[in-house]
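Report on the structure
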Amino acid sequence: MNLPNKITVSRILLIPVFLLVMLVPFSWGNVEFLGADMPVTHLIGALIFIIASVTDWVDGYFARKYNLVTNLGKFLDPLADKLLVSAALIVLVDLELAPSWIVIIIISREFAVTGLRLVLAGEGEVVAANQLGKIKTWAQIVAISALLLHNVIFEMVSIPFDLIALWVAMFFTIWSGWDYFAKNKQAFINSK
């Protein structure tokens, strides 16, 4: 397994750590940080989530720079993103920090695209993430980070950036899903 794939696997391995910090009722108190009052566990969970998210850029950088792009990486990288984002969104619903209906839309799109990827992979076609999919992922990461950090900075000026970012993420999630199915419709039809 090459370095980019190892970095991708590390992103997957950080998910249980994130879940442990966010869901086990540790009583580490609260912290006030740049206008937001939040449990220390949410701050630590947000940092773990952000570190895991940054590995998405790092593994892609090394894969392209050193010509280490593999079919395994093309499959694992978006899967790791979907697992991390889905876990974080479910935690946010559980903590009542995100509306469940938006999370359902986002996760449904992720399952649908993953299903199409699996069908195409069965036909020997591996489809790497496109630019719109990458924008969608980063919009989701920004929204989730803002929600985990209780709208830090923006809370001082009463701007609901975290919820606005979540709406933007939902928009790009729907658009990129539509685009993905439109571009791969013929391959999907041919696989029947």
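Residues numbered from 1 in each chain as written. Predicted model: local features only at pLDDT ≥ 70, side-chain atom pairs only at ≥ 80, totals over all residues. Heavy atoms only, no water.

What counts here: UniProt positions are given in the numbering used here, feature names are shortened, and annotations may be inferred rather than shown by experiment.
If you check an unreviewed UniProt entry, the protein chain appears there as CDP-diacylglycerol--glycerol-3-phosphate 3-phosphatidyltransferase from Cytobacillus firmus. Entered under Subcellular location (unreviewed entry) in the UniProt record, the comment concerning the protein chain runs "Cell membrane". Listed under Sequence similarities (unreviewed entry) in UniProt, the entry text for the protein chain is "Belongs to the CDP-alcohol phosphatidyltransferase class-I family."

Quick word on the packing of helix α1 (residues 3-23) against helix α3 (residues 71-94)
Put simply, the test is: Axis definition: a line fitted to C-alpha atoms, limited for helices to the stretch in contact. Angles are taken between N-to-C directions and run from 0 to 180 degrees. Elements are defined by DSSP. Helices are runs of H or I of four residues or more, strands are runs of E of two residues or more, and each kind is numbered from the N terminus. Here the word oblique covers every angle except those under 35 degrees (roughly parallel), over 145 (roughly antiparallel) and from 65 to 115 (roughly perpendicular). The contact definition used throughout considers only heavy atoms, calling two residues in contact when any of these lie within 4.5 Å. Asp, Glu, Lys and Arg are counted as charged, while Ala, Val, Leu, Ile, Met, Phe, Trp, Tyr, Cys and Pro are counted as nonpolar; the rest, among them Gly, fall into the polar class.
One can describe the packing of α1 onto α3 by two numbers: an axis separation of 9 Å at closest approach and a directional angle of 10°. In terms of orientation, α1 lies roughly parallel with respect to α3. Residue-level inspection shows N5, T8, V9, R11, I12, I15, F18, L19, M22 and L23 of α1 in contact with α3, the latter providing L72, G73, L76, D77, A80, D81, L83, L84, A87, A88, V91 and D94. Of the residues assigned to the contact of α1 with α3, the class counts are 15 nonpolar, 3 polar and 4 charged.

Overview of the pattern of salt bridges
Pairing is possible between side chains that carry opposite charge, provided their charged atoms lie close to one another. Applicable threshold: Here, a salt bridge means any Lys or Arg side-chain nitrogen found within 4 Å of an Asp or Glu carboxyl oxygen. Exposure classes here rest on a 1.4 Å probe applied to the protein chains alone. A residue is buried below 20% of its type maximum, exposed above 50%, and partly exposed in between.
Counting across every chain of the model gives 8 salt bridges. Close ionic contact of K82 with E110 constitutes a salt bridge, the shortest N to O distance being 3.0 Å. Residue K82 is found in helix α3, and its partner E110 is found in helix α4 (residues 100-122); the two are separated by 28 residues along the sequence. Like K82, the residue E110 is buried in the burial classification. As a salt-bridge pair, K136 and E110 come within 3.1 Å of each other at their nearest N and O atoms. Taken together, the residues span a long stretch of sequence, with K136 in helix α5 (residues 131-148) and E110 in helix α4 at a distance of 26 residues. Residue class for E110 comes out buried when judged on its relative accessible area of 3%. Connected via shared salt-bridge partners are R11, D56, D59, D77 and D81.

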